[in-house]
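Overview (structure and organization)
Given next are the chains, with one letter for each unit.
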2 protein chains.
Amino acid sequence: MDTESAEKRGLTPFPEPVARGALHDRLVARLRDLIIEGELSPGARVPERELCQRFQVSRTPLREALKVLAADGLVQLAPNRGARVAALTVADVEEMFPVMGALEALAGELAASRITEEGLAEVRALHYQMVLHHKRGELAAYFRLNQQIHEKILEAAGNATLAALYQGLAGRIRRARYLANMSARRWARAVEEHEAILAALEARDGTRLGAILEDHLKNKCETVKEALLAEQRKGGQAASNS
Amino acid sequence: MDTESAEKRGLTPFPEPVARGALHDRLVARLRDLIIEGELSPGARVPERELCQRFQVSRTPLREALKVLAADGLVQLAPNRGARVAALTVADVEEMFPVMGALEALAGELAASRITEEGLAEVRALHYQMVLHHKRGELAAYFRLNQQIHEKILEAAGNATLAALYQGLAGRIRRARYLANMSARRWARAVEEHEAILAALEARDGTRLGAILEDHLKNKCETVKEALLAEQRKGGQAASNS
DNA sequence: GCTTTTTGTTTTGCATGCAAAATGCTAGGC
DNA sequence: GCCTAGCATTTTGCATGCAAAACAAAAAGC
């Protein structure tokens, strides 16, 4: 639906009064971006008042949005102590990995048996476009296509519940992936794995696809963990905002 | 501080002014109970004003609670059209089943390798108490123990993320289970499966435990589906409130 | 000089108020 | 007689206001 992701990256200069009825939803998306982009550092308090001024909204919808994000696990709400951005620890990632693995394997199995020729064609197109971005060394574009491919597979699995859960987890680690700088070797390996994913999907071999996806995810998790460790090593001095 | 969280499950008769800072959390729990017990029929609008009067709270915390429940999937929020209790269709259950299966299998594998002797003893105690309730034909008590056992296994798995996701899904079908009347045969079979679960756990056979749990869940899902069909057949005339 | 207490400020949580949208009802037209 | 348009009521969504709790800093005590 929302294909207007152009202004999501750059902060809109004026926060024009958004349509009534969609305010808190927009705020959820906006806050998500802020967290993913690292503008709100993990562990830092969410400055309620400041964000209200920034977005030109009152505290009520903002607080509602925070509740939703808390339910999603992106922020933590302490009673009478406000919201903090949930810090993603290495232990968290190690917890999430087997869960995502199980979900992704399931998605692969379902997708292999259910994907249409049309869907397959779409994945194929996305895949080769992604390979192109890899060859050009365009990491950001690569990530976007990568994500789209996984979303397509989830879509092809035809299980909204599965998709929602997976996306929820993926959203939590997206910030770490955002700042991850893959090594050239790891990147090349990820592309190879994606070749295998496409092959298994075209062969409609669900078991194999599930296994490959799980392995692929393992590597992704390693990347995320390394990124987290690097960030921790650098110290959380990005937290000092104002 | 206030450590009186003992009466969380039982409904407090009077909605006395709850402690500041815990209001919306309490409301989430309260609304959950209302939905599970069927007082708020699936598909019916959530009467905001009415509930405010009932709980003696203003609309702000109630709306916040609804946002959380919406994120959990128990209610659906339509823009400018308020909240409706999410109707659980048979298709939904059929979607949720493989996901819960994958999660439960993972939980079983993890629990089998990680459970302590003490944890095992607790599960054993719960199990035999549950068997007792089965022999006495006490369905409600049986369900409670059953749920506690599964929670213990999840706890033993030592993966909070996994537990949270599973509990979220389980919460969505809890209402259907609440009104489910198992046949004597199915009930007996469920108890047998629980025997096998305990045995596999004691043998610390993760693979077998995972498989058993998945199978057990399958039967549980059949029960839920039957209950849903029975409810649909009876007609949603419980929705006509006023 | 250090700890502790007390006070002032900020922040949080909830209640309330008001405008826009939706819902229901009545009247008018075909 | 049925359908549609207009109006009134209800409901929803957001902004604002106020009291309590947390945070921070300064002053008092040791």
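Since we're looking at a predicted model, the values are computed, not measured. The residue count restarts for each chain, going from 1 along the sequence in the order it is written. Written order determines the labels here, with chains lettered from A and ligands numbered from 1. The predicted nature of this model means local features are confined to residues of pLDDT at least 70 and side-chain atom pairs, given and counted, to a pLDDT of 80 or more, with totals for whole chains, interfaces and linings taken over all residues. Calculation of side-chain values draws on the structure's entire complement of heavy atoms; hydrogens and water are dropped beforehand.

Another point: the overall build of chain A. Secondary structure follows DSSP: runs of H or I at least 4 residues long count as helices, runs of E at least 2 residues long count as strands, and numbering of each begins at the N terminus. Within chain A, the regular secondary structure consists of 10 helices and 2 strands. Each of the 242 residues in chain A was classed as buried or not, and the buried ones make up 45%. The criterion used for residue contact is that any of the two residues' heavy atoms lie within 4.5 Å. Here the analysis covers contacts within chain A between residues at least 6 apart in sequence; of these, 74% occur between residues at least 24 apart. Where accessible areas are quoted, they stem from the Shrake-Rupley method and a 1.4 Å probe; at the residue level, only the protein chains shown are allowed to cover. Carbon and sulfur atoms form 51% of the exposed surface of chain A, whose accessible area is close to 12,700 Å². Buried means the residue's accessible area, taken with a 1.4 Å probe over protein chains only, is under 20% of the maximum for its type, while exposed means over 50%, and partly exposed covers the values in between.

Residues and elements named next belong to chain A. Pairing of strand β1 (residues 75-78) with strand β2 (residues 82-85), which is carried by 4 bridges, proceeds in the antiparallel orientation. By the bridge assignment for β2, V75 is matched with V85. Being paired, for any two strands, means DSSP has found at least two bridges between them. The turn joining β1 and β2, which pair antiparallel and follow one another in sequence, is formed by 3 residues; a positive phi near 65 degrees is taken by N80.

Salt-bridge detection follows one rule: a side-chain nitrogen of Lys or Arg within 4 Å of a carboxyl oxygen of Asp or Glu. By the definition in use, this model includes 32 salt bridges over all chains. The shortest N-O distance in the salt bridge between E117(A) and R204(A) comes to 3.5 Å. On the criterion of sequence distance, the pair formed by E117(A) in helix α6 (residues 117-136) and R204(A) in the loop between α9 (184-202) and α10 (206-234) is long-range, its members being 87 residues apart. Using a relative accessible area of 54% as the deciding quantity, one classes E117(A) as exposed. Taking the relative accessible area as the measure of exposure, R204(A) reaches 33% and is therefore partly exposed. With a closest N to O distance of 3.3 Å, K152(A) and E122(A) form a salt bridge. One end of the pair, K152(A), is in helix α7 (residues 139-157); the other, E122(A), is in helix α6, with 30 residues separating them in the sequence. The structure contains a network of salt bridges with shared partners spanning E48(A), R59(A), R63(A), K67(A) and E64(B).

Superposing chain B onto chain A takes a rotation of 180 degrees plus a shift of 0.0 Å along the axis, which leaves an RMSD of 0.0 Å. Such a combination of rotation and displacement between the chain copies is what one expects of a two-fold axis. When the interface residues of chain B are mapped onto chain A, 100% of them are again interface residues, pointing to one common binding face. Only residues with pLDDT of at least 70 in both copies count here: their C-alpha atoms drive the least-squares fit that superposes the copies.

This part is about the domain arrangement of chain A. Residues and elements named next belong to chain A. All domain edges in this entry derive from an automatic or database-based domain assignment. Structurally, chain A comprises domain 1 (3-85) and domain 2 (90-238). Placing the centre of domain 1 and that of domain 2 at their C-alpha centroids yields a distance of 26 Å. Counting residues at the interface gives 9 residues for domain 1 and 6 residues for domain 2. The term buried area denotes the loss of accessible surface (1.4 Å probe radius) that occurs when two parts are joined, taken as the sum for both partners. A buried area of about 680 Å², summed over both sides, lies between domain 1 and domain 2, and 65% of it is on carbon and sulfur atoms.

Residues and elements named next belong to chain B. Viewed as axis vectors pointing N to C, helix α1 (residues 23-36) and helix α3 (residues 59-72) meet at an angle of 55 degrees, and their least axial separation amounts to 8 Å. Classified by the angle between their axes, α1 and α3 sit oblique to one another. Crossing handedness for the pair α1 and α3: right-handed. Residues L23, H24, L27, V28, L31 and R32 of α1 touch α3, and the partners they reach there are P61, L62, E64, A65, L66, V68, L69 and D72. Considering only residue class, the contact of α1 with α3 consists of 10 nonpolar, 1 polar and 3 charged. Between N-to-C directions, angles cover 0 to 180 degrees, with each direction set by a line fitted to C-alpha atoms, over the stretch in contact for helices. In what follows, roughly perpendicular refers to angles from 65 to 115 degrees, roughly parallel to angles under 35, roughly antiparallel to angles over 145, and oblique to any angle outside these ranges. With the far helix as reference, a near helix turned anticlockwise by less than a right angle produces a left-handed crossing, and one turned clockwise produces a right-handed crossing. Amino acids outside the nonpolar list (Ala, Val, Leu, Ile, Met, Phe, Trp, Tyr, Cys, Pro) and the charged list (Asp, Glu, Lys, Arg) are all regarded as polar, and Gly is one of them.

The next point concerns helix α7 (residues 160-178) of chain B. Here a helix's expected span is defined as the number of its residues, less one, multiplied by 1.5 Å. Compared with an ideal rise of 1.5 Å per residue, which puts 19 residues at 27 Å, α7(B) spans 25 Å between its outermost C-alpha atoms and is within 8% of the ideal. R172(B) marks the point of greatest bend in α7(B), at about 40 degrees. The complete set of buried residues in α7(B) reads T161(B), L162(B), A163(B), L165(B), Y166(B), L169(B), A170(B), G171(B), I173(B), R175(B), A176(B) and R177(B). For α7(B), the elements touching its buried residues are α5 (90-114) and α8 (160-178) of chain A together with α1, α4 (90-114), α6 (139-157) and α9 (206-234) of chain B. The distance from a side-chain oxygen at the start of α7(B) to the backbone nitrogen of T161(B) is 3.2 Å, and the residue carrying that oxygen is N159(B). Axes are fitted to the seven residues ending at a residue and to the seven starting at it; the angle between these axes is taken as the bend at that residue. Polar contacts, as counted here, are pairs of nitrogen or oxygen atoms within 3.5 Å of one another; within protein the pair requires one atom able to donate a hydrogen and one able to accept it, and residues that are adjacent in sequence qualify only if both atoms are side-chain atoms.

Attention shifts here to the interface of chain B and chain A. Where interface size is given, it is often the accessible area lost as the parts come together that is meant. Each side of the interface is counted separately: chain B has 25 residues, and chain A has 25 residues. Between chain B and chain A, the buried area comes to about 2,200 Å², and carbon and sulfur atoms account for 64% of it. The interface formed by chain B and chain A holds 4 salt bridges in total. A salt bridge links R63(A) to E64(B); its shortest N-O distance comes to 3.4 Å. In this structure, the connection of chain B to chain A is made through 8 residue pairs in polar contact (both at pLDDT 80 or more). Residue assignment for the side of chain B that touches chain A shows that the elements contributing at least two residues are α3, α4 and α7 of chain B. No other element matches the 7 residues that α4(B) contributes to the side of chain B that touches chain A. The residue inventory of the side of chain B that touches chain A, partitioned by class, reads 13 nonpolar, 6 polar and 6 charged.

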